[in-house]
Amino acid sequence: MEQNQKTVAELTIHYKRQRLMSLLFDSTETADAVMEILNGHLNEKGKKEFSFSGEIKTVYSGKGVVDELNDWMDHKTEPNGTILDLIKVLDGLN
């Protein structure tokens, strides 16, 4: 993986089925440990009102996004993943 991008674990906390916040961690193990700690402090009412979900995501540095967009415009690479999604949004604005 390039140094301009990194894989992280996102832990999303929901309150009454509404997204409350998301936290990013360097590893799934850390995200799982935090979820267990938070869940362990909830009483029965809290366990009914709070829920957790997780996802593995890729985060990019600003330089990485700019470099990949420049490579795409110079026909050096084909975009994929998050960068492709960004290009579709940008293309839709034109």
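What comes next concerns the included structure. Predicted model only: the values in this text are computed from it and were never measured.

What counts and what doesn't
- Residues numbered from 1 in each chain as written.
- Predicted model: local features only at pLDDT ≥ 70, side-chain atom pairs only at ≥ 80, totals over all residues.
- Heavy atoms only, no water.
- Patch = residues over 30% accessible without salt bridge, like charges linked within 9 Å, V, L, I, M, F, W, Y side chains within 5 Å.
- Areas by Shrake-Rupley, 256 points an atom, 1.4 Å probe, with all protein chains shown as cover.
- Salt bridge = Lys/Arg side-chain N within 4 Å of Asp/Glu carboxyl O.
- Helix = DSSP H or I, 4+ residues; strand = E, 2+ residues; numbered from the N terminus.
- Pairing = 2+ DSSP bridges.
- Axes fitted to C-alpha atoms, helices over the stretch in contact; angles between N-to-C directions.
- Parallel < 35°, antiparallel > 145°, perpendicular 65-115°, else oblique.
- Left-handed = near helix turned anticlockwise from the far one by under 90°.
- Contact = heavy atoms within 4.5 Å.
- Nonpolar A, V, L, I, M, F, W, Y, C, P; charged D, E, K, R; others polar.
- Buried < 20%, exposed > 50% of the residue type's maximum accessible area, 1.4 Å probe, protein only.
- Lys, Arg positive; Asp, Glu negative; His and termini not counted.
- Polar contact = N/O pair within 3.5 Å; in protein donor to acceptor, adjacent residues only side chain to side chain.

## Looking at a nonpolar patch on the surface
Residues Leu86, Val89, Leu90 and Leu93 make up a contiguous nonpolar surface patch of about 360 Å² in total accessible area. Tracing the backbone through its elements, the reader meets leucine 86 in helix α4 (residues 81-93).

## Some points on the sheet that holds strand β2 (residues 18-25)
Across the sheet, three strands lie side by side as β2-β1-β3; this open sheet has antiparallel pairing. Both outer strands of the open sheet, β2 and β3 (50-60), are each paired with one neighbouring strand and no more. Pairs of neighbouring strands in the sheet enclose a mean axial angle of 25°, with direction left out of account.

## What about the packing of helix α3 (residues 62-73) against α4?
Following both chains from N to C, one finds α3 and α4 inclined at 70°, their axes separated by 11 Å at the closest point. Here α4 runs roughly perpendicular to α3, going by the angle between their axes. α4 is crossed by α3, and the crossing has right-handed handedness. For the pair α3 and α4, the contacting residues are Val65, Glu68, Leu69 and Trp72 in the first and Ile83, Leu86 and Ile87 in the second. For the contact of α3 with α4, the class distribution of residues is six nonpolar, no polar and one charged.

## Focus on the pattern of salt bridges
As enumerated under the stated definition, the model contains three salt bridges in all. Between aspartate 67 and lysine 63 there is a salt bridge, with its nearest N and O atoms 2.7 Å apart. Taken as a pair, aspartate 67 and lysine 63 lie in helix α3 at a separation of four residues, close to a single helical turn.

## A look at the side chain of glutamate 49
Assignment of secondary structure puts glutamate 49 in helix α2 (residues 44-49). Buried charge without a partner: glutamate 49 forms no salt bridge, and the closest opposite charge is lysine 45, 4.1 Å away. A polar side-chain atom of glutamate 49 sits 3.5 Å from a polar atom in the side chain of tyrosine 15. When sequence neighbours within four positions are dropped, the list of residues in contact with glutamate 49 reads His14, Tyr15, Lys16 and Arg17.

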